[in-house]
Amino acid sequence: MTDNTVIPVKPDLAAGSRFDAARRAEMAERAARDPDGFWREEAGRIAWMTTPTRIKNASFEGDVSIKWFEDGVLNASVSCLDKHLAERGDQVAIIWEGDDPNSDSKVTYRELHQRVCRMANALRSLGVKKGDRVTLYLPMIVEAAVAMLACARIGAVHSIVFGGFSPDSLASRIQDCDSTVLITADQGRRGGRTVPLKTNADEALKSCPSVKNVIVVRNTGGDVPMQEGRDHWWHTLSEAAATDCAPEPMNAEDPLFILYTSGSTGKPKGVLHTTGGYMVWASFTHELVFDYRPGEIYWCTADVGWVTGHSYIVYGPLANGATTLMFEGVPNYPDVGRFWQVVDKHKVNIFYTAPTAIRALMREGDAPVRKWSRQSLRVLGSVGEPINPEAWLWYYRVVGDERCPIVDTWWQTETGGILISPLPGAVDLKPGSATLPLPGVQPALVDGDGKLLEGATEGNLVILDSWPGQMRTVYKDHERFIQTYFSTFPGKYFSGDGARRDADGYYWITGRVDDVLNVSGHRMGTAEIESALVAHPKVAEAAVVGMPHELKGQGIYCYVTLKSGEEPSDALKKELVAWVRREIGPIASPDAIQWAPSLPKTRSGKIMRRILRKIAANETDSLGDTSTLADPTVVEDLISNRAG
Ligand code: WTA
């Protein structure tokens, strides 16, 4: 595979799309020349109570202040619901497909509006006000979308915690933002198994005094204890509430949600997104990138616990009046043809998933895909990690029958929505490349000193100027926001990713250049896993790095130094794996543990992670410069005892 493999835009697609090459070029030119004019117009895609007159007011210098549409007033739920009632109240807003292939349901925009209003009123009846934080710990059920929009309706700030996180992870995310309400379910379902959400929540809440009320969805009907005065059944509250609820007027810069994400140091940060810019960005990118056309069925397989679920299951598609499919299950249950069975069942037109799923399904061969027609599919998307050309081509040839363009979308929790991606009717594709920036996005590559690199080159991926969907701050820690994103290369937003740019200006994301891992598309900080490991009574020190993993993209490789007197054993390895799963959640399961009598350090005591990464990747013949090591024999020992 070379940069020269080009798959041109299909003429019929270009002809049928609102965003062909000429339009894309015109938009990019106008967004660069007159950002205020361009975004003033694009702001019209969502519903405002007061139309903004001030458009962009952002600086990446000094204290870093990012404001968009700052005198506008709106409510996000109105754009997702009320706006559509007259024209498409009876159109299906959400298709829900259960883990069990025999369970599904459909909710129209009118019904969704009513359900959201009821829950919004219920939250108000519990005393929740504008600005209060509400944590959601839910499975992929319609109530998750309802709860998000109900918070938005009354101006409460939602913070979703992925259902795969442990009680400890849930607790620390509740404590950080002092949520007063937790919304959860009795249990979740995934791949034929149940997930003990309420039990986990009860465990977490032992250390969360801020939470006064818990709302519990009866989902599986599993028997769960309800604490008198604190716990309320969702259905009881909803049934008692009215079906209309006046939306809270929100300033464009009032918070819409917090979403915790991992960084290279410390505990997860609360990424804060505000209302106006985020909604414009979610709607704009969902329409352009997927070439979304009215009436189409759109399916993003992410979980609402991640940013992809926020922007591309709920806010973007609903703002655009789409029919969005929510899937409770997993790609291989009851069998590895599940995705394609669901595509045929609901006649899905646009399908958006992660490379890790594509790689896992590719391994099962073509037959489980070919068994289904997939004729409804028109556009295929990829997100969350670099997609290797082999997986890209399989997705293109087998899943899409060479008929559907692939949009490889690069973005981050921090960016709110997609920044670099082809537009299906406008940009020629190259397998493995996220291609070109969207109109209004100014990526650049810099070297280690922050010097801008021109032409075909490789470097650190930065963004030079603000876009409406950008995060505004780290919740309660603006200093950390400045430090994390604007201090490495002052005046520029640093993504943490490396990338290559080819002679056609196409971007090829190479992955994180910091200590953030991307395991099956799930983002994780090595520091979090290390602190979980050292919390174990037998562990003295730990260093965690990523290693190449065929299916997961990256696997988790842990070097563990035991306290003196402790004996290494396979049983202890198992215990540590279970320990990390319990501390953080199953997604952080270590793939390899190596006993390290000591870790390679510089004379000043800094762990040389570069060397640990090389050993984990089994690239021990290219360790690089080891002259600054305090004790070179440490490395020899680690190499000869590599966990394989
Ligand atoms: C990675 C997920 C290559 C990247 C939306 C980024 C990608 C991190 C791509 C953000 C892609 C996401 N190609 N890498 N198309 N999309 N990434 O915050 O390393 O969970 O920094 O947001 O995922 O992960 P996050």
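Note that the structure is a prediction, hence the values are computed from the model and not measured.

Rules used in this analysis
Residues numbered from 1 in each chain as written. Predicted model: local features only at pLDDT ≥ 70, side-chain atom pairs only at ≥ 80, totals over all residues. Heavy atoms only, no water. Pairing = 2+ DSSP bridges. Helix = DSSP H or I, 4+ residues; strand = E, 2+ residues; numbered from the N terminus. Axes fitted to C-alpha atoms, helices over the stretch in contact; angles between N-to-C directions. Contact = heavy atoms within 4.5 Å. Buried < 20%, exposed > 50% of the residue type's maximum accessible area, 1.4 Å probe, protein only. Near = heavy atom within 4 Å. Polar contact = N/O pair within 3.5 Å; in protein donor to acceptor, adjacent residues only side chain to side chain. Areas by Shrake-Rupley, 256 points an atom, 1.4 Å probe, with all protein chains shown as cover. Nonpolar A, V, L, I, M, F, W, Y, C, P; charged D, E, K, R; others polar. UniProt positions renumbered as here; feature names shortened; annotations may be inferred. Parallel < 35°, antiparallel > 145°, perpendicular 65-115°, else oblique. Left-handed = near helix turned anticlockwise from the far one by under 90°. Domains from an automatic or database assignment. Buried area = accessible area lost by both parts, 1.4 Å probe. Salt bridge = Lys/Arg side-chain N within 4 Å of Asp/Glu carboxyl O.

Asker: Help me understand the sheet that holds strand 20 (residues 406-409) in this model?
Answerer: To summarise the sheet geometry, strands pair through backbone hydrogen bonds and adopt either a parallel or an antiparallel arrangement. The 7 strands lie next to each other as 5-4-17-16-18-19-20, forming an open sheet whose pairing is mixed. The open sheet is flanked by strand 5 (104-108) and strand 20, the only strands paired with a single partner. Going from strand to strand, the sheet's axes swing by 20 degrees on average, the running direction of each strand aside. Relative to strand 17 (residues 323-327), strand 4 (residues 92-97) runs parallel, the two being bridged by 4 bridges. Bridge pairing links E97 to F327 in strand 17. Against the sheet, helix 12 (residues 338-346) engages strand 4, strand 5, strand 16 (297-300), strand 17 and strand 18 (350-353), with an angle of about 145 degrees to strand 4.

Asker: Sorry if this is basic, but what is going on with the pairing of strand 27 (residues 516-519) here?
Answerer: Put simply, side chains in a regular strand alternate between the two faces of the sheet. What you see with strand 27 is no split at all: V516 and N518 on one side and L517 and V519 on the other are buried throughout. Across 4 bridges, strand 27 lies against strand 28 (residues 522-525) in antiparallel orientation. By the bridge assignment, V516 is partnered in strand 28 with G525. What sits between the antiparallel neighbours strand 27 and strand 28 is a turn of 2 residues, in which S520 has the positive phi angle 50 degrees.

Asker: Whenever I open this one, the site of the ligand confuses me. Can you help?
Answerer: Neighbouring residues of the ligand: 17 residues in total, closest D408, T409, T413, D497 and R523. Within the side chain of R512, an N or O atom sits 2.8 Å from an oxygen atom of the ligand. Take R523: an N or O atom from its side chain is 2.7 Å from an oxygen atom of the ligand. Taking 520 Å² as the accessible area of the ligand by itself, protein coverage stands at 97%. Elements with a contribution of two residues or more to the shell around the ligand: helix 11 (307-319), strand 20 and strand 26 (507-512). Residue composition of the shell around the ligand, grouped by class: 6 nonpolar, 6 polar and 5 charged.

Asker: Would you take a moment to explain the UniProt feature "binding site: Mg(2+)" (unreviewed entry) in the chain for this structure?
Answerer: Following the UniProt record, one finds the feature "binding site: Mg(2+)" (unreviewed entry) at V534, H536 and V539. Counting through the fold element by element, V534 comes out in helix 17 (residues 526-534). Of the residues examined, V534 reaches a relative accessible area of 38% and is grouped as partly exposed. When neighbours within four sequence positions are excluded, V534 is seen to be in contact with V539, A540, E541 and A542. The class for H536 is buried, based on a relative accessible area of 2%. Leave out the neighbours within four places in its chain, and H536 touches L572, E575, L576 and W579.

Asker: Where do I start with the packing of helix 17 against helix 18 (residues 570-583) in this structure?
Answerer: With their axes 9 Å apart at the nearest point, helix 17 and helix 18 run at an angle of 120 degrees to one another. Classed by the angle they form, the pair helix 17 and helix 18 counts as oblique. At the point where helix 17 passes helix 18, the crossing takes the right-handed sense. Note on element contacts: helix 18 touches helix 17 through L576, W579, V580 and E583, opposite I529, A532 and L533.

Asker: Explanation requested: the domain arrangement of the chain in the structure shown.
Answerer: By a widely used convention, the size of an interface equals the accessible area lost when the partners come together. Assigned domains within the chain: domain 1 (11-500) and domain 2 (520-641). Each of domain 1 and domain 2 was reduced to a C-alpha centroid, and the two centroids are 33 Å apart. The partner domain 2 presents 19 residues to the 24 residues of domain 1 that form the contact. With both sides pooled, the region where domain 1 packs onto domain 2 buries about 1,500 Å², and carbon together with sulfur makes up 47% of that total.

Asker: Looking at this structure, how should I read the pattern of salt bridges?
Answerer: Between side chains of opposite charge, a pair can form when the charged atoms approach closely. Tallying each qualifying case throughout the model produces 44 salt bridges. Of the charged contacts in the structure, one is a salt bridge between K476 and D178, with a shortest N-O distance of 3.7 Å. Note that K476 is positioned in the loop between strand 24 (473-474) and helix 16 (478-486) and D178 in the loop between helix 7 (167-177) and strand 8 (181-185), a separation of 298 residues in sequence. K476 gets classed as exposed once you look at its relative accessible area, which sits at 56%. Among the residues examined, D178 registers a relative accessible area of 36% and is labelled partly exposed. In this structure, E328 engages R189 in a salt bridge whose closest nitrogen and oxygen atoms are separated by 3.6 Å. Of the two residues, E328 sits in the loop between strand 17 and helix 12 while R189 sits in strand 9 (residues 188-190), which places them 139 residues apart along the sequence. Judged by its relative accessible area of 3%, E328 falls in the buried class. Residues joined in a network through salt bridges with shared partners are D366, R370, R374, D401 and R403.

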